[in-house]
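# A structural walkthrough
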Amino acid sequence: MTSALTKNQKVLAFVEESAQLAQPDRIVWIDGSEEQLAALREEGVKTGEMIKLNQEKLPGCYYHRTAQNDVARVEDRTFICCKNKEDAGPINYWMDPQEAYALCRNIARGKMKGRTMYVIPYSMGVVGSPFSKIGIEVTDSIYVVLNMAIMTRVGTACYDYLGTDGDFIKGFHCKCDVDPEKRYIMHFPEDNTIISVNSAYGGNVLLGKKCFALRIASYLGKNEGWMAEHMLILGVTYPDGSKHYVAAAFPSACGKTNLAMLIPPKHYLEKGYKVECVGDDIAWIRVGKDGRLWAVNPENGFFGVAPGTNEKSNPNALAATRQGTIFTNVAIDPADNTVWWEGLTKQAPARLIDWLGNEWTPDSGVKAAHPNSRFTAPATGCPCLSPEFNSKEGVPLDAIIFGGRRATTTPLVYQSRDWDHGVFVGSIMSSETTAAATGAVGVLRHDPMAMKPFCGYHMADYFGHWIDMGKKIANPPKIFNVNWFRQDADGNFIWPGFGDNMRVLDWILKRCAGTVEAKETAIGYVPYAKDIDLTGLGLTEETLESILYVDKARWSAEADEIAEYYKQFGDRLPQELKESLATLKSNCEK
Ligand code: SAT
Ligand code: MN
């Protein structure tokens, strides 16, 4: 095997081995040039894989439909394949590496016959940053190439960086027959390898994202002393010009993109506050020379949930989707060849083509866009993108926030007592499931640090890694938990959310600066209602108090439930977490 783009023997061997297995008719080496990508878009349109949208209204935008059976991540078909089963832990699905390689090889053998294999060199993070890592993904999908070119930094600079024998993460993707019974998303953390077969849905096949930047990277981070987290990163600029950065972990489809791009309420804007987005999904975090935690977003675009995104909920995300974007499984408005999804406008157009390709009207009784329909938008299109987005050093974190979707129990916001207690707070996160993964929606489940589907090793060792990291950080960020999703007796959300979350961020940053008091409760520090700015909100202090209230009886029951949950981790559970749990229980009984 030779290539005009690289002499790296390991890359050439990986491509050779992949081609021998899948037997493509042709191999195309992606160089990242606009010319080559434009040709692939044209080809995708010809094969029907892509639909070109209205280029006046949506320049550079395309549309793609996945197979009906292939619309979300498949957690029960996602495996961590390390030598010892115990190292994958009780939360991950595990398969023996030899068995997994054999299974996938048998499935993929000859499956690229009649197809082209594309070789994508990509960097997670700015090429040359101390945070960054290179991946090579081979795939038989033009859709994957075009998405990777938005979501990551694709191009020959990756080969230059690798040189003749640099190492990289191997990613083999073959859509095969998109057969859900033979769909596997396999991770081999000990071999820096990912294999994905029989899917063509983003989260399963854009291998730089969840597979590499979280599952493989979390394992690398543990061994190399850094952290790969399912977190957005945002910066708040104060009226005096100072900037403060926050990273926040929420499960998929719980509003990370909306929080990352929030527009503060009017009176904050008038005072000169500004929020800028560094990332909306993944943070790679290291200890800086100053003893603080520094974070980068390893991605280069946004793979966001379309439904619910509109001019009010997230104008910045909407603006980002107006150019150079690939839409997946939304509806098409045939009147002007643009896109639509539930929540984009109050009133749906009279006629649409739905995500399945069927004629749709508002009376159809089904959703026009799939609930997990997505946009893949270049970060550069986001009006509030942080000037630090391409920083090689990243941004220093003042606060880390955890949050889930909880109708009850968890208050709007609380602060952990210290780092170790903060790790406990992250470890006990629970959230209602969403359409981002296959399976039932709205079921409460534990999702520690929003990493349940994304941790590449034993979850208790991951908690231990968090505890260990705390010992290395001289100036740790403060750790908080938020819950935007408290409901009243009629099932309505009590807190307005979206831009008004600025009011909670404001309290969080004041706590970091030490400029506001808080009430010590059984679970940690909770705001005094008077300290959350309610200007212009139309929410009474009494209502606010109701969602700040810590109900000891509920928390006592929660503590019992956490004890049950923790049992599966056995001896590997860090002592610090056991102690925090015991403190919680006894605090609730005081
Ligand atoms: O489908 S993805 O995993 O890429 C997005 C998500 O579920 O968070
Ligand atoms: Mn995510």
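Just so we're clear, the structure is a prediction, and the values are computed from it rather than from any experiment.

Reading the values: the criteria
- Residues numbered from 1 in each chain as written.
- Chains lettered and ligands numbered in written order.
- Predicted model: local features only at pLDDT ≥ 70, side-chain atom pairs only at ≥ 80, totals over all residues.
- Heavy atoms only, no water.
- Helix = DSSP H or I, 4+ residues; strand = E, 2+ residues; numbered from the N terminus.
- Rg over C-alpha atoms; globule rule 2.2 N^0.38 Å.
- Buried < 20%, exposed > 50% of the residue type's maximum accessible area, 1.4 Å probe, protein only.
- Contact = heavy atoms within 4.5 Å.
- Areas by Shrake-Rupley, 256 points an atom, 1.4 Å probe, with all protein chains shown as cover.
- Lys, Arg positive; Asp, Glu negative; His and termini not counted.
- Charge placed at Lys NZ, Arg CZ, Asp CG, Glu CD.
- Domains from an automatic or database assignment.
- Buried area = accessible area lost by both parts, 1.4 Å probe.
- Salt bridge = Lys/Arg side-chain N within 4 Å of Asp/Glu carboxyl O.
- Nonpolar A, V, L, I, M, F, W, Y, C, P; charged D, E, K, R; others polar.
- 1 Å grid on protein atoms, 1.4 Å probe; cavity = no way out; pocket = protein on both sides within 12 Å on 5 of 7 lines; lining within 4 Å.
- Points joined across faces, edges and corners; volume = space filled by probe spheres on them.
- Donors = N, O, S within 2.8 Å, 3.2 Å for Na, K, Ca; no water.
- Core = buried A, V, L, I, M, F, W, Y, C linked by side-chain atoms within 4.5 Å.
- Near = heavy atom within 4 Å.
- Polar contact = N/O pair within 3.5 Å; in protein donor to acceptor, adjacent residues only side chain to side chain.
- Sits in = over half its atoms within 2 Å of the grid points.

## Quick look at the overall build of the protein chain
Scanning the protein chain from N- to C-terminus turns up 17 helices and 31 strands. At 23 Å, the protein chain has a C-alpha radius of gyration in line with the 25 Å of a compact globule built from 590 residues. Along the longest, intermediate and shortest principal axes, the C-alpha atoms of the protein chain span 70 × 55 × 45 Å. When the 590 residues of the protein chain are sorted by exposure, 62% land in the buried category. Relative to all contacts within the protein chain whose residues are 6 or more apart in sequence, the contacts with residues 24 or more apart total 73%. Accessible surface, the protein chain as shown: approximately 22,100 Å² in total, 49% of it carbon and sulfur. Looking at the protein chain, you have 63 positive and 72 negative side-chain charges, and the mean spots of the two groups are 1 Å apart.

## A word on the domain arrangement of the protein chain
The domain boundaries assigned to the protein chain delineate domain 1 (9-225) and domain 2 (229-300 + 387-589). Taking the mean C-alpha position of each, domain 1 and domain 2 sit 31 Å from one another. Counting residues at the interface gives 40 residues for domain 1 and 41 residues for domain 2. Here domain 1 and domain 2 share an interface that buries about 3,500 Å² over both sides, 55% of which is from carbon and sulfur atoms. Remark: the boundary between domain 1 and domain 2 carries five salt bridges. A salt bridge links Asp87 to Arg572; the nearest nitrogen and oxygen atoms lie 3.1 Å apart. Mapped by element, the contributors of at least two residues to the side of domain 1 that touches domain 2 are helix H3 (85-88), strand S6 (116-124), helix H5 (142-151) and helix H8 (208-224). A per-element tally of the side of domain 1 that touches domain 2 places H8 first, with eleven residues. For the side of domain 1 that touches domain 2, the class distribution of residues is 19 nonpolar, eleven polar and ten charged.

## Focus: empty space enclosed by the protein
Leftover empty space is mapped by rolling, across the atoms, a probe with the size of a water molecule. In total, this model carries four cavities of 30 Å³ or more according to the counting rule given. In this structure, the largest cavity occupies an estimated 110 Å³ of space. Lining the largest cavity are Glu75, Thr78, Ile80, Ile91, Asn92, Tyr93, Arg215, Lys452, Pro453, Phe454 and Cys455. Of the residues contributing to the lining of the largest cavity, the split by class is six nonpolar, two polar and three charged. For the lining of the largest cavity, the two domains that each supply at least three residues are domain 1 (9-225) and domain 2 (229-300 + 387-589). If you add up the space inside the second largest cavity, you get close to 90 Å³. In terms of lining, the second largest cavity is formed by Gly403, Gly404, Arg406, Thr410, Tyr414, Val425, Ile428, Met429, Ser430, Asn481, Trp555 and Glu558. When its residues are assigned to classes, the lining of the second largest cavity shows five nonpolar, five polar and two charged.

## Side note on the layout of surface pockets
In this model, the largest pocket occupies a volume close to 1,000 Å³. Tallying contributions element by element places helix H9 (residues 256-260) first for the lining of the largest pocket, with four residues. Of the residues in the lining of the largest pocket, the class split is 19 nonpolar, 16 polar and eleven charged. Empty space within the second largest pocket amounts to approximately 390 Å³. For the lining of the second largest pocket, the class distribution of residues is eight nonpolar, six polar and three charged.

## Quick notes on the coordination of the manganese ion (ligand 2)
Looking at the manganese ion (ligand 2), the protein donor atoms are Lys210 (NZ), His230 (NE2) and Asp281 (OD), and they sit 2.1 to 2.2 Å from it. Of note, the manganese ion (ligand 2) draws all its donor residues from one chain, in the sequence arrangement K-x19-H-x50-D. Note that Lys210 is positioned in helix H8 and His230 in the loop between strand S12 (227-229) and strand S13 (231-237), a separation of 20 residues in sequence. On the basis of relative accessible area, His230 is assigned to the buried category, the value being 0%.

## With respect to the pattern of salt bridges
Applying the stated rule across the entire model yields 32 salt bridges. In this structure, Asp281 engages Lys256 in a salt bridge whose closest nitrogen and oxygen atoms are separated by 3.5 Å. Residue Asp281 is located in the loop between strand S15 (274-279) and strand S16 (283-287), and its partner Lys256 is located in helix H9; the two are separated by 25 residues in the primary sequence. Here the two residues Asp281 and Lys256 agree in accessibility, since each one is buried. Between Lys530 and Asp531 there is a salt bridge, and its shortest N-O distance comes to 3.2 Å. Salt bridges linked by common partners bring Lys209, Lys210, Lys256, Asp281 and Glu299 together as one network.

## Focus: unusual backbone geometry
Backbone geometry places Asn192, a non-glycine residue, at a positive phi of 50°. You can see Asn192 is positioned in the loop between strand S10 (184-188) and strand S11 (193-197). One non-glycine residue with positive phi stands out, namely Phe498, at about 50°. Positionally, Phe498 belongs in the loop between strand S29 (478-482) and helix H14 (502-513). By relative accessible area, Phe498 is classed as partly exposed at 39%.

## Re the nonpolar core
Ranked by internal contacts, the top residues of the largest apolar core, which has 170 residues, are Trp284, Phe402, Trp466, Trp495, Leu544 and Tyr566. The dominant element in this core, judged by the number of residues it contributes, is H5, at eight residues. No fewer than three residues from each of domain 1 (9-225) and domain 2 (229-300 + 387-589) sit in this core. Excluding residues that lie within four positions of it along the chain, Trp466 makes contacts with Met227, Glu229, Met231, Ile400, Phe402, Trp419, Val423, Met449 and Ile479.

## Topic: the site of ligand 1
Taken together, Arg73, Tyr201, Gly203, Lys209, Lys210, His230, Ser252, Phe303, Arg374 and Ala436 make up the full set of residues adjacent to ligand 1. Interatomic distance of 2.7 Å between a side-chain N/O atom of Arg73 and an oxygen atom of ligand 1. A total of 250 Å² of accessible area belongs to ligand 1 in isolation, and the protein chains cover 98% of it. Most atoms of ligand 1, that is more than half of them, are within 2 Å of grid points of the largest pocket. Counting only domains with at least three residues in the shell around ligand 1, you end up with domain 1 (9-225) and domain 2 (229-300 + 387-589).

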